[in-house]
Amino acid sequence: MGGSTTKGFNLLVVGVVVVVTTMVGTCSANFYDDFDLTWGENRAKIFNGGQLLSLSLDKVSGSGFRSKKEYMFGRIDMQLKLVSGNSAGTVTAYYLSSEGATHDEIDFEFLGNVSGEPYILHTNVFSQGKGNREQQFYLWFDPTTNFHTYSIIWNPHHITFLVDNIPIRVFKNAESDGVPFPKNQPMRIYSSLWNADDWATRGGLVKTDWSKAPFTAYYRNFKVTGFSATSAFSDVATSEIQNSGKDSVLDAYGRRRLRWVQKYFMVYNYCNDLKRFPEGIPAECSHGRF
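Residues numbered from 1 in each chain as written. Predicted model: local features only at pLDDT ≥ 70, side-chain atom pairs only at ≥ 80, totals over all residues. Heavy atoms only, no water.

1. Looking at the nonpolar core
Alright, step 1. If you look at the biggest cluster of nonpolar residues, it comprises 53 residues, and the most contacted ones within it are Met-78, Phe-108, Tyr-150, Trp-154, Ile-159, Tyr-219 and Phe-222.
Alright, step 2. With five residues, the single largest contributor to this core is strand β15 (residues 215-225). (Core = buried A, V, L, I, M, F, W, Y, C linked by side-chain atoms within 4.5 Å. Buried < 20%, exposed > 50% of the residue type's maximum accessible area, 1.4 Å probe, protein only. Helix = DSSP H or I, 4+ residues; strand = E, 2+ residues; numbered from the N terminus.)

Rendered as structure tokens:
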């Protein structure tokens, strides 16, 4: 994209989260301080003084981490460099989630592929334990050669998924149509690298090539902007965040970028899967709130 395009999008992002950043500010992370390595033993590592984290997968185990804090609304950014080469069968998951049978969850999942074939970016939204709201995309770049930024903006009115500050999906609150929306449960940040060759690549037809193991993904530049449920922000600040973005999600330029991604890079949208929903598409689909 040219210089004018980049400048235009910077204005879009500021417009989306201006209240959050003004009222609460931004916190850049040190992985030692902000995350726990939760499984995989030495396959999960933090290095470079806490500025870089890696997850690895071999035939014995994958690995994962989670945030020490819970978060309630705001913006989450993380830069990832995905497994390179033949990543078929592997899944790198990066998501927000609460706990329990009626948990809420906001998902990025990166489905690996054979060398030379594109990753699939899988997105989903769970509310009160119910998901099945998948949209999938190809990326317009190779996500294994450099770090790229994957972001979630979450408030009580909408959830926006962004890749390198380009919106790819907006899921709007459709409670007026009887659709639960994740707005009452604080969530932690999780990530994991694991073997899913029973379904991840071509529906499980392509299996993980363990001769290429270990498979490794890298993380850096985690940043959170907004309200943390474990911090004592004022009620005034919380109210401002909850009401920000209620009437508008993206400006005209952002809507054009969203349409561009969904026209040229979307490969699956649950709202268009009539065979899956023979009794009618989900309620949020009929009003464009997916």
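That shown, we press on.
2. What to know about the sheet that holds strand β2 (residues 35-39)
Alright, step 1. Within the open sheet, the eight strands sit side by side as β2-β5-β14-β7-β8-β9-β10-β16. Their pairing is antiparallel. In this open sheet, the two edge strands, each paired with only one partner strand, are β2 and β16 (266-269). Here the average twist between neighbouring strands, direction ignored, is 15°.
Alright, step 2. Bridging between strand β10 (residues 135-137) and β16 involves three bridges; their strand directions are antiparallel. In the strand pairing of β16, Gln-135 is matched with Asn-269. (Pairing = 2+ DSSP bridges. Axes fitted to C-alpha atoms, helices over the stretch in contact; angles between N-to-C directions.)

3. A short note on the pattern of salt bridges
Alright, step 1. Under the defined criterion, the tally for this structure stands at seven salt bridges.
Alright, step 2. Of the charged contacts, one joins Lys-68 and Asp-36 as a salt bridge, the two residues approaching to 3.9 Å between their closest N and O atoms. Pair noted here: Lys-68 is in the loop between β5 (63-67) and β6 (74-81) and Asp-36 is in strand β2, with a separation of 32 residues, a long-range link.
Alright, step 3. Lys-68 gets classed as partly exposed once you look at its relative accessible area, which sits at 39%.
Alright, step 4. Given the relative accessible area of 31%, Asp-36 is considered partly exposed.
Alright, step 5. Taking the shortest distance from any N to any O, the salt bridge between Glu-99 and Arg-66 comes out at 3.5 Å. (Salt bridge = Lys/Arg side-chain N within 4 Å of Asp/Glu carboxyl O.)

4. Some points on the state of the cysteines
Alright, step 1. Evaluated as defined, the whole model comprises one disulfide.
Alright, step 2. Linked covalently through their sulfurs, Cys-271 and Cys-285 form a disulfide whose S-S length is 1.9 Å. Around the S-S axis, the bridge from Cys-271 to Cys-285 shows a dihedral of about -70° and counts as left-handed. Here Cys-285 lies in helix α5 (residues 283-286) and Cys-271 lies in the loop between β16 and α5, a separation of 14 residues in the sequence. Neither Cys-271 nor Cys-285 differs from the other in exposure class; each is buried. (Disulfide = S-S within 2.5 Å.)

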